[in-house]
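Analysis of the macromolecular model
Each chain is listed here by its residues.
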Amino acid sequence: MIIVRHELRRGRIPFIVWTSVIGALLAVCILLYSEMKLELAGMQDMFSSMGGFASAFGIDRLNFGTLTGYYAMECGNIWGLGGAFYAALCAIGVLSKEEKDKTAEFLLTHPISRVRVITEKLSAVFIQIVMMNIIIFAISLVSITVVGEGILWKELGLLHLAYFILQIELASICFGISAFMRKGSIGSGLGIATLMYFVNMISNITEKADFLKYITPFAYCDGADIVTSGHLEWSLVAIGLAAAVICVFIAYFKYSRKDIH
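Residues numbered from 1 in each chain as written. Predicted model: local features only at pLDDT ≥ 70, side-chain atom pairs only at ≥ 80, totals over all residues. Heavy atoms only, no water.

**Considerations on the nonpolar core**
Using the following cut-off: Only buried Ala, Val, Leu, Ile, Met, Phe, Trp, Tyr and Cys residues count toward a nonpolar core, and they belong to the same one when joined by side-chain atoms within 4.5 Å. We call a residue buried when its accessible area falls under 20% of the maximum for its residue type, exposed when it is over 50%, and partly exposed in between, using a 1.4 Å probe and counting protein chains only. Segments assigned H or I by DSSP are reported as helices when at least four residues long, segments assigned E as strands when at least two residues long, and all are numbered from the N terminus. Contact criterion: two residues are considered in contact whenever any of their non-hydrogen atoms come within 4.5 Å of each other.
By size, the foremost hydrophobic cluster in this structure holds 64 residues, and its most contacted members are Leu-95, Leu-166 and Phe-175. Among the elements of the structure, helix H2 (12-42), helix H5 (67-92), helix H8 (114-146), helix H9 (153-178), helix H10 (186-205) and helix H12 (234-257) are those that each provide at least two residues to this core. Ignoring sequence-local partners within four residues, the contact set of Leu-95 consists of Ile-118, Lys-121, Phe-175, Ser-178, Ala-179, Ala-251 and Tyr-255.

**Notes on the packing of H9 against H12**
Quick note on the threshold: The convention used is that axes are lines fitted to C-alpha atoms, helices contributing only their stretch in contact, and that angles between N-to-C directions extend from 0 to 180 degrees. Working definition: roughly parallel below 35 degrees, roughly antiparallel above 145 degrees, roughly perpendicular at 65 to 115 degrees, and oblique for all remaining angles. The hand of a helix crossing depends on one turn: near helix anticlockwise from the far one by less than a right angle means left-handed, and clockwise means right-handed. For this scheme, ten residues count as nonpolar: Ala, Val, Leu, Ile, Met, Phe, Trp, Tyr, Cys and Pro. Four count as charged, namely Asp, Glu, Lys and Arg, and the remainder, Gly too, count as polar.
Following both chains from N to C, one finds H9 and H12 inclined at 30°, their axes separated by 8 Å at the closest point. Between H9 and H12, the angle is such that the two are roughly parallel. The two elements H9 and H12 meet at a crossing, and its hand is left-handed. Side by side, H9 and H12 meet where Leu-161, Ile-165, Glu-169, Ser-172, Ile-173, Phe-175 and Gly-176 of the first sit next to Trp-234, Val-237, Gly-240, Leu-241, Ala-243, Ala-244, Cys-247, Val-248 and Ala-251 of the second. Residue composition of the contact of H9 with H12, by class: twelve nonpolar, three polar and one charged.

**Considerations on helix H1 (residues 2-10)**
Which entries qualify depends on this criterion: Each direction from the helix axis to a C-beta atom contributes to the arc, which is the arc of those directions.
Turning to H1, its buried residues are Ile-3, Val-4 and Glu-7. Seen from one end, H1 has its buried residues packed into an arc of 105°, which puts them on one side.

**Concerning the pattern of salt bridges**
To keep things clear, this is the line we draw: Any Lys or Arg side-chain nitrogen located within 4 Å of an Asp or Glu carboxyl oxygen qualifies as a salt bridge.
Scanning the entire structure with this criterion turns up three salt bridges. Glu-7 is paired through a salt bridge with Lys-121; the nearest N and O atoms lie 2.6 Å apart. Of this pair, Glu-7 sits in helix H1 while Lys-121 sits in helix H8; the two residues are 114 residues apart in sequence, bridging distant segments of the chain. Its relative accessible area of 5% is what places Glu-7 among the buried residues. The network of salt bridges with shared partners includes Glu-7, Arg-10 and Lys-121.

**What to know about the packing of aromatic side chains**
Defined as follows: Stacked, tilted and edge-to-face pairs are distinguished by plane angle, under 30 degrees for stacked and over 60 for edge-to-face with tilted covering the rest, among Phe, Tyr and Trp rings (Trp via its six-membered ring) whose centres lie within 6.5 Å.
Evaluated as defined, the whole model comprises four aromatic pairs. On the numbers, 6.3 Å between centres and 65° between planes, the contact of Phe-15 with Tyr-86 is edge-to-face. Taken as a pair, Phe-15 in helix H2 and Tyr-86 in helix H5 lie far apart in primary sequence, 71 residues in all. Tyr-86 carries the same exposure label as Phe-15, and that label is buried. Ring geometry for Tyr-197 and Phe-218: centres 5.4 Å apart, planes at 80°, overall edge-to-face. You can see Tyr-197 sitting in helix H10 and its partner Phe-218 sitting in the loop between H10 and helix H11 (223-229), a full 21 residues away along the chain. Each member of the pair, Tyr-197 together with Phe-218, is buried.

Structure follows, in structure tokens:
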């Protein structure tokens, strides 16, 4: 577990910064709800008549006058994008950083296998994602309690479960890509997360692009679908988890045979 501890220490500053920023934005967003809920309820018809724009964000299917609808839209976008960016950044350079930082000779000359290196680095990525999700979920519960609203455990739990699976899938994809890179690229991680987000928006705008929902993990994180149906789209979740497993397997296969400079 030495590598796990080392990776956690190495990533503690980004973890603290990202968790603090996302948590603060979520708390402020929830605290604003008590001041805005009457105005938001009156704006529902206007949002619903915005055509493709409303469909892209799921606004036409949510009731902003309720905390659930407001949380799924406003807080969901903050946590969905913020969590996706962090998961991608956390994983995209984790296997390539040894070559980038010129520490590969020190690490790989020790009596440890490459499989162990991969496993411990992947474990460190997942530990950070799990810790962030626990903290963010706690902040959300406290903030909802402070504004005096009842906690809808099912809807809130499903939303956060969907975002957690999203982060695991994106982290696994970026982890697999990291095995092929010699220098970690922050831009690559952000680009993948952003691309997936906009692909989901396109699939929501027109039925002709409905097939795109099988490509992007944001499809099963659509707050409007989760709130209105009361469940996750488990077929999409299964596809996402299968993609995550495949990408992790590719990372093991490639890194174990990689000619590391």
